[in-house]
Amino acid sequence: MIKMVITLKRREGMTHDEFTHYQRNIHRPLLMSIPEAEQYIRRFVVSYPVPAPNYPEPDYDSVVEAWFDTMDDLNAFYFCENFLKNVDPDHENFIDLNAFGRIISEEEVVIG
């Protein structure tokens, strides 16, 4: 399996709660509404920071993990017309597009 991990930071002027609300209630339903989401995504997880005394403040407001069977499936999803036309433009509404990170990877499970 291929996994894409994306770190996201909220756009300027937006609180963490506003970012979380937008990502959960507006962007995620938009993403999941395109047929290619069901066709290509095998697992999709979003993680949000929680208060963690004795640890530094997080650099990001969420981490997105999306699993695909193959690199071709990942590319078919992220470069399909529905994603490019309907989903991708929405990112600027809640993400700082200059402060996100992305890695395409294969998981190596150590425990589990």
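Draft legend 1. Fine view of the sheet that holds strand 4 (residues 101–105). In space, the four strands of this open sheet follow the order 2-3-1-4, with antiparallel pairing throughout. The open sheet has two edge strands, strand 2 (41–47) and strand 4, and neither has a second partner. Sheet twist, expressed as the average angle between the axes of neighbouring strands with direction ignored, equals 10°. Of the pairings in the sheet, the one linking strand 1 (residues 2–8) to strand 4 comprises five bridges and is antiparallel in character. Bridging across to strand 4, Met4 finds its partner in Ile104. The strands touched by helix 1 (residues 16–33) within the sheet are strand 1, strand 2 and strand 3 (62–68), with strand 2 carrying the most contacts at an inclination of about 170°.

Draft legend 2. Region of interest: helix 1. Helix length check: helix 1, at 18 residues, gives a terminal C-alpha distance of 24 Å against a target of 26 Å (1.5 Å per residue), a fit within 8%. All of the buried residues along helix 1 are Phe19, Thr20, Tyr22, Gln23, His27 and Leu31. Looking at the buried positions of helix 1, the neighbouring elements they touch are strand 1, helix 2 (35–40), strand 2, strand 3, helix 3 (71–78) and helix 4 (81–87).

Draft legend 3. Quick look at the nonpolar core. Phe19, Ile34, Phe68, Phe77, Tyr78 and Phe83 are the most contacted members of the largest nonpolar core, which has 24 residues in total. Those elements that place two or more of their residues in this core are strand 1, helix 1, helix 2, strand 3, helix 3 and helix 4. Broken down by element, this core gets its largest block of residues, four residues, from strand 1. Among all residues touching Ile34, those that are not within four sequence positions of it are Phe77, Cys80, Asn82, Phe83 and Val87.

What counts and how
Residues numbered from 1 in each chain as written. Predicted model: local features only at pLDDT ≥ 70, side-chain atom pairs only at ≥ 80, totals over all residues. Heavy atoms only, no water. Pairing = 2+ DSSP bridges. Helix = DSSP H or I, 4+ residues; strand = E, 2+ residues; numbered from the N terminus. Axes fitted to C-alpha atoms, helices over the stretch in contact; angles between N-to-C directions. Contact = heavy atoms within 4.5 Å. Expected span 1.5 Å × (residues − 1). Buried < 20%, exposed > 50% of the residue type's maximum accessible area, 1.4 Å probe, protein only. Core = buried A, V, L, I, M, F, W, Y, C linked by side-chain atoms within 4.5 Å.

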